[in-house]
Amino acid sequence: MADTQPKGDAESMESVLHEERKFPPPPAFAAQAHVKSLDEYETLHKESVDNPEKFWAEQAADLHWFQKWDRVLEWDLPDAKWFVGAKTNLAYNCLDRQVEAGLGDRTAIIWEGEPTPGGQPEVRRISYKQLLDDVSRFANVLKDLGVKKGDVVTIYMPMVPELAVAMLACARIGAPHSIIFGGFSASAIRDRVEDGQSKIIITADGGWRRGKPVPLKENVDEALTMTDRVEKVVVLERCQNPVTMKEGRDHWWHECAADASADCPAEHMDAEDLLFILYTSGSTGKPKGIMHTTAGYMVYTATTAGITFDLKPATAQAESPDVYWCTADIGWITGHSYIIYGLLPNRVPTLMYEGAPDTPDKDRFWDIIERHKVTKFYTAPTAIRAFMKWGSEHIDKHDISSLQLLGTVGEPINPEAWMWYHQTIGNEKCPIVDTWWQTETGGHMLTPVPGATTTVPGSCTRPFFGIDAAVVNSEGDEMPTNAGGILVIRKPWPSMLRGIYGNRQRFIDTYWSKVEGYYTAGDGARKDQDGNFWIMGRIDDVIVVAGHNLGTMEVESALVSHPAVAEAAVVGFPHEIKGTGIASFVTLRGGVEGTDQLVEEIRDHVAHELGPISKPDLVRFTDALPKTRSGKIMRRLLRDIAAGREITQDMTTLEDVSILAKLQGQG
Ligand code: PRX
C-alpha cells in the first residue's frame, strides 16, 4: 500500500536538538596518536581534499604492489577508477606481506567461540603464517572445485575463523565473494545466488547461537530446491548437527583440505578487478549487490582503520600493543572492512566472536574484553542501548581498564547513549569515534580522528582525509550553518562503490540523480558552527508536522534522554487536526512500568527538551522495536502500524517477526 503520509524533504529539515557538551581528546591519548592535534587534522584534510591523488598515493605506498599504478585516479562521473594500471592482491597484503616482514608468528586473529565447553571459553589464536597456510590450502580447494578468477563465490557461514579463510582464499585467487549473513533465510540465499550467478556456496553444518546450532546447511539445501544454479557446496563441520550431503554436489571442507597444498601464489589482480559483492537491502525493493573493487578498497580500509582506531602495528620484536575487537558480523560491510580487510594489513590482532552478547550471560562482552585485554572496541548503538537497559552490574564484574578507544557505527547514537558509553565503558578516558559510513562507501566517511577531534555526543564530527562532504539543497548549494539538508560527497574516494551488480540504471538513480554531480547517501544532516556533522535520519523518514520537517534522530534522542526510556523510534502518522502527528514507540529501562502518567511525563519531557512542535502525540510502550538483522530500527513498518495500515512491505530483513504481531495486537 502506498505511504499516505505527506513527504517531507530534507532541504528544510529543522534542527531542534541542542547539545553543548564537548570532549577534547585526552592529552595522554593525543600525545601518542598518529594525528595529534586539530591543526594537524585540518592541514592534512585540506591538502588531501585539494590533492587527493597525492594523498592516496602516499597511503598506498605502504602496501605491496606487483606493479605500480600509471595514474592514481580517473574520474568520469559516476565512474571512478583508482590506481589505474596497478596490480596487487588484497590477501597478499593481509598475509604474505606480514610473513615476509618477519611477523609470521604474530597474532592475526583471536577467535572466541560461543560455547564454553566445561565452563572454559573456546579460544583460538591464529598467526599470520598459520592463516596464510590455511588460506592457500583452501584457495587450492576452490581451484580444484573449478573456481576461476572472476567467478562469484557465495559464502554463508558462522563467525568462525574459516569464514575469514574462505574470504581471503577468494581474494587470493581473484574470485569475488558474496557473503550472506548467517541469520538470513533460504529465500535470501536463493535471491543472492541468482542475482550474482554464483555456482558455488561455502557453508557449515551450523553455527552456534545462544546454545543452539543455526541450521546453515539445511537453509542452503532449501535454497537449492528453488534454484539450480549451484553446482558445488563446501561444508565446514562446526556443530556436528545432522546434515544431508548430496553426492557429487556437497563436499566436506576437511576432506577437501586434507590433501591440498599450502602453496598457492596470489593472483596478480588488476586494481579495478571486482573484489566482492555485498547485498544491502535498503528500505524498499530487491537487495542491491554493491560492488567493491580491489586496490581502492584496500588502500581506503587500511588507512581509515589505522587512523580512526589509532592502531599500532606488531613488529618483528613484539606483538602489537593493541587488541582490536569489532562486534559486527563479517556478513555486514562493517565486518568486511573492519574485522578483516582493513585490520590485517595494519598488523593488529583482530578479535572474532561467534556468539551473542548475552550468552551464557549478559556480561559476555566484558568478560571477553577482560580476558583478551581488548584496547579498541567497535560496536553499534543498538548494542549500547541494550547494555544500558541490562544495567551496569554486568560491567562492574569485570576489569575493562585495558580499553583505550571506543567506536560506534550503524545508526545515529543518541547523546544519552553516547554519554553512557563514555562514562560506563570508557571510564571517561577513551575517545569515542562515532563513524558514519555505508555499505556503499566501503569505509569511514565522517568520523572523529581520535587524537585530534573534540567530540560532541551525537555528532559523527568531521570528514575523513580525502573526503569532501557537504550538506546541500537539491540544487547542490550548501545549506546555512545548522540547517538540515541532504548529505552529499562531492569528490570521488578510493573505496566508493563501483556499481550495483547487474543494474547500471539503479546505480545512477539511487546515488547520482538527486543532486547533480554529487554522491547522495540518502541521509539528512546538518553542519554546525564548528564544522561538525549531525546525521538527522534517513531522508525517507522525515516527518512533516504542521509545516515543519523533523528528522527522526532528534526526537528519538530527546525520548532516550528521559531516565525511564531505553530505546525509542518515532514516525509520522495521519492526524485528524494536524495532518501528521508524531508517534513514538518506546522501550523502558529494566524495572520501569509503563503507566499513563509516564506517557504524559515523557511527552512533556520531549516538549521541554525540543519545544512543543516535537511533542509526540502518541507514546506507545513495547518490549522491543522491529529491527533489521544488523540492528537498525525499521521505521517504515512502524509507520504502517501507527497508521493502522496493513503491512504489505518486504519483511525479510526483519529480525524478529513476533515483535510486529505484538505491536499490531495492541493497535
Ligand atoms: O543512515 C546511515 C546509518 O546507516 C546507513 C548505512 O547503512 P549500512 O549500509 O548498513 O552500513 C552500516 C555500517 C557502515 C547510513 O546511511 N549510519 C551508519 N553509521 C551511522 C549512521 N547514522 C548515523 N551515525 C552513524 N555513525
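Residues numbered from 1 in each chain as written. Predicted model: local features only at pLDDT ≥ 70, side-chain atom pairs only at ≥ 80, totals over all residues. Heavy atoms only, no water.

A.B. asks: I'm lost on unusual backbone geometry in this one. Help?
C.D. replies: For residues that are not glycine, phi is negative in most cases, and the peptide bond is trans in most cases. A cis amide bond links leucine 77 to the next residue, proline 78, at an omega of 0°. Note that proline 78 resides in the loop between strand S2 (71-76) and strand S3 (79-84). For the bond from threonine 359 to proline 360, the omega torsion is 0°, close enough to zero to count as cis. Located in the positive-phi region is asparagine 482, a residue other than glycine, with phi close to 70°. (Helix = DSSP H or I, 4+ residues; strand = E, 2+ residues; numbered from the N terminus.)

A.B. asks: Explain the environment of threonine 293 here, please?
C.D. replies: By the element assignment, threonine 293 lies in strand S16 (residues 288-293). Sequence separation between threonine 293 and histidine 268 is 25 residues; the distance between their C-alpha atoms is 14 Å. When sequence neighbours within four positions are dropped, the list of residues in contact with threonine 293 reads Ala271, Glu272, Asp273, Leu274, Leu275 and Arg498. Only 2.9 Å separates the side chain of threonine 293 from the side chain of glutamate 272, close enough to count as a polar contact. In terms of polar contacts, threonine 293 uses its side chain to reach the side chain of arginine 498, at 3.3 Å. (Contact = heavy atoms within 4.5 Å. Polar contact = N/O pair within 3.5 Å; in protein donor to acceptor, adjacent residues only side chain to side chain.)

A.B. asks: Where do I start with the UniProt feature "modified residue: N6-acetyllysine" (unreviewed entry) in the protein in this structure?
C.D. replies: This chain's UniProt record puts "modified residue: N6-acetyllysine" (unreviewed entry) on Lys632. Here lysine 632 lies in the loop between strand S31 (618-621) and helix H20 (635-643). The class of lysine 632 is partly exposed, set by a relative accessible area of 37%. A distance of 2.7 Å separates a polar side-chain atom of lysine 632 from the backbone oxygen of glycine 410. (UniProt positions renumbered as here; feature names shortened; annotations may be inferred. Buried < 20%, exposed > 50% of the residue type's maximum accessible area, 1.4 Å probe, protein only.)

A.B. asks: Got a minute to help me understand the packing of aromatic side chains in this structure?
C.D. replies: The geometry of an aromatic ring pair is captured by the separation of the ring centres together with the interplanar angle, meaning the angle of the planes. As enumerated under the stated definition, the model contains 40 aromatic pairs in all. Summarising the aromatic geometry, the rings of phenylalanine 276 and tyrosine 341 are spaced 6.5 Å apart at their centres and angled 10° between planes, so their arrangement reads as stacked. Note that phenylalanine 276 is positioned in strand S15 (residues 274-280) and tyrosine 341 in helix H12 (residues 333-341), a separation of 65 residues in sequence. You'll find phenylalanine 276 and tyrosine 341 in the same group, each marked buried. Ring centres of tryptophan 366 and phenylalanine 387 lie 4.9 Å apart, and the angle between their planes is 75°; on these two criteria the pair is classed as edge-to-face. Residue tryptophan 366 is located in helix H13 (residues 364-372), and its partner phenylalanine 387 is located in helix H14 (residues 381-390); the two are separated by 21 residues in the primary sequence. Grouping residues by exposure puts tryptophan 366 and phenylalanine 387 together as buried. Each member of the aromatic cluster is reached from another via a ring pair, and the members are Trp325, Tyr353, Phe365, Trp366, Phe377, Phe387 and Trp390. If you follow arginine 124 out to its NZ or CZ, it ends over the ring of tryptophan 111, 5.9 Å from the centre. (Phe/Tyr/Trp six-rings, centres within 6.5 Å; stacked < 30°, edge-to-face > 60°. Lys NZ or Arg CZ within 6 Å of the ring centre and 35° of its normal.)

A.B. asks: Quick question: what am I supposed to make of the sheet that holds strand S22 (residues 469-472) here?
C.D. replies: To summarise the sheet geometry, strands pair through backbone hydrogen bonds and adopt either a parallel or an antiparallel arrangement. Read across the sheet, four strands follow the order S22-S23-S25-S26 without closing on themselves; strand pairing throughout is antiparallel. Two strands in the sheet have a free side with no partner beyond their single neighbour: S22 and strand S26 (533-538). Strand-to-strand, the axes of this sheet are offset by a mean angle of 45°, without reference to chain direction. Where strand S23 (residues 485-489) meets strand S25 (residues 519-527), four bridges bridge the pair, whose relative direction is antiparallel. Across the sheet, residue isoleucine 489 finds its bridge partner in S25, namely tyrosine 519. Sheet contacts for helix H18 (residues 552-560): S25 and S26; angle to S26, the most-contacted strand, approximately 100°. (Pairing = 2+ DSSP bridges. Axes fitted to C-alpha atoms, helices over the stretch in contact; angles between N-to-C directions.)

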